[in-house]
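# Tertiary structure, described
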Amino acid sequence: MTDRPTSFGYEDLLQCARGEMFGPGNAQLPLPPMLMMDRITEISADGGEHGKGHVVAEFDIKPDLWFFDCHFPGNPIMPGCLGLDGLWQLTGFNLGWRGMLGRGMALGVGEVKLTGMVKPDRKMLTYHVDFTRVIDRKIKVGVANGKVFADGDPIYTVTDMKVGLSDA
């Protein structure tokens, strides 16, 4: 993977969301406001805790983010499902970055633990995805564990999340 970048800025992520990075019909990130990161600071196919690949990304928290107005009025909190979706997004991005073809889809998650809240006074989320397995057959599947930190504090821990790429 030495010929591929190991970090990506916001404009790169938008290019991926428009389907321009990995080619038509292949892994894509969602467009804002569902894009749950602002930059990828590290990515590999052989790094991480298990030596099977990893991704580290950041998301700037701004008090005017769309979800704070509706979840919950008077007690704004980022929905936990959006943090999970960010981890799924990064898992799929890593598969596309590896050169695997197909459209991405979340396939499941083993366990999710929410140990904190993301409120508008936070400044940044940091995502860590560590692959435990990569299956490269007709369907491509990445299995990974993930952690989300808010200003360095652990907020979410996820095990056995699965993302697949398929041409169907």
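This section reports on the structure supplied with the text.

Parameters at a glance
As a convention, each chain's residues are numbered from 1 in the sequence order in which they are written. Two thresholds apply to this predicted model, a pLDDT of at least 70 for residue-level local features and 80 or more for giving and counting side-chain atom pairs, whereas whole-chain, interface and lining totals are computed over all residues. To obtain the side-chain values, all non-hydrogen atoms of the structure were included, while hydrogens and water were left out. Among the buried residues, those of types Ala, Val, Leu, Ile, Met, Phe, Trp, Tyr and Cys that are joined through side-chain atoms within 4.5 Å form a nonpolar core. For every residue, the accessible area obtained with a 1.4 Å probe (protein chains only) is divided by the maximum for its type, and the residue is called buried under 20%, exposed over 50%, and partly exposed between those limits. Secondary structure elements are defined from DSSP: runs of H or I of at least 4 residues count as helices, runs of E of at least 2 residues count as strands, and each element is numbered from the N terminus. Residue contacts follow a heavy-atom distance rule, with two residues in contact if any of their heavy atoms lie within 4.5 Å. Criterion for a salt bridge: a side-chain nitrogen of Lys or Arg within 4 Å of a carboxyl oxygen of Asp or Glu. Arc definition: directions from the helix axis to the C-beta atoms.

## Let's talk about the nonpolar core
Among the nonpolar cores identified, the biggest contains 45 residues, and Ile40, Met78, Phe93, Leu125 and Tyr127 are the most heavily contacted of them. If you list the elements that add at least two residues to this core, you get helix 1 (10–17), strand 1 (39–44), strand 2 (54–60), helix 2 (80–97), strand 5 (124–136), strand 6 (140–150) and strand 7 (153–166). Per element, the largest residue contribution to this core is eight residues, and it comes from helix 2. Setting aside anything within four residues of it in sequence, one finds Phe93 in contact with Phe8, Leu13, Cys16, Met21, Phe22, Leu29, Ile40 and Ile43.

## What to know about the pattern of salt bridges
By the definition in use, this model includes five salt bridges. A salt bridge links Asp60 to Arg39; the shortest N-O distance between them is 2.5 Å. Here Arg39 lies in strand 1 and Asp60 lies in strand 2, a separation of 21 residues in the sequence. Under the relative-accessibility criterion, Asp60 is labelled partly exposed at 25%. With relative accessibility at 23%, the residue Arg39 sits in the partly exposed group. The shortest N-O distance in the salt bridge between Asp136 and Lys140 comes to 2.9 Å. You can call Lys140 buried: its relative accessible area is 16%. Salt bridges here are not isolated pairs; linked through shared partners, they connect Arg39, Glu58 and Asp60.

## Describing unusual backbone geometry
In the segment running from Pro32 into Pro33, the intervening peptide bond is cis, with an omega of 10 degrees. As for its placement among the helices and strands, Pro33 is situated in the loop between helix 1 and strand 1. One non-glycine residue, Asp151, lies in positive phi territory at about 50 degrees. With respect to the secondary-structure elements, Asp151 resides in the loop between strand 6 and strand 7. According to the relative accessible area criterion, Asp151 is partly exposed, its value standing at 38%. A positive phi is found at Asp160, a non-glycine position, where the angle reads about 50 degrees. Among the structural elements, Asp160 can be located in strand 7.

## A short note on helix 1
Taken together, the buried positions of helix 1 are occupied by Leu13, Leu14, Cys16 and Ala17. An end-on view of helix 1 places all buried positions within 155 degrees of arc, on one side of the element. Of the surrounding elements, those touching the buried residues of helix 1 are strand 1 and helix 2. Immediately beyond the C-terminal end of helix 1, within one or two residues, lies Gly19, with a positive phi of roughly 80 degrees.

Coordinates in, geometry out; function isn't part of it.
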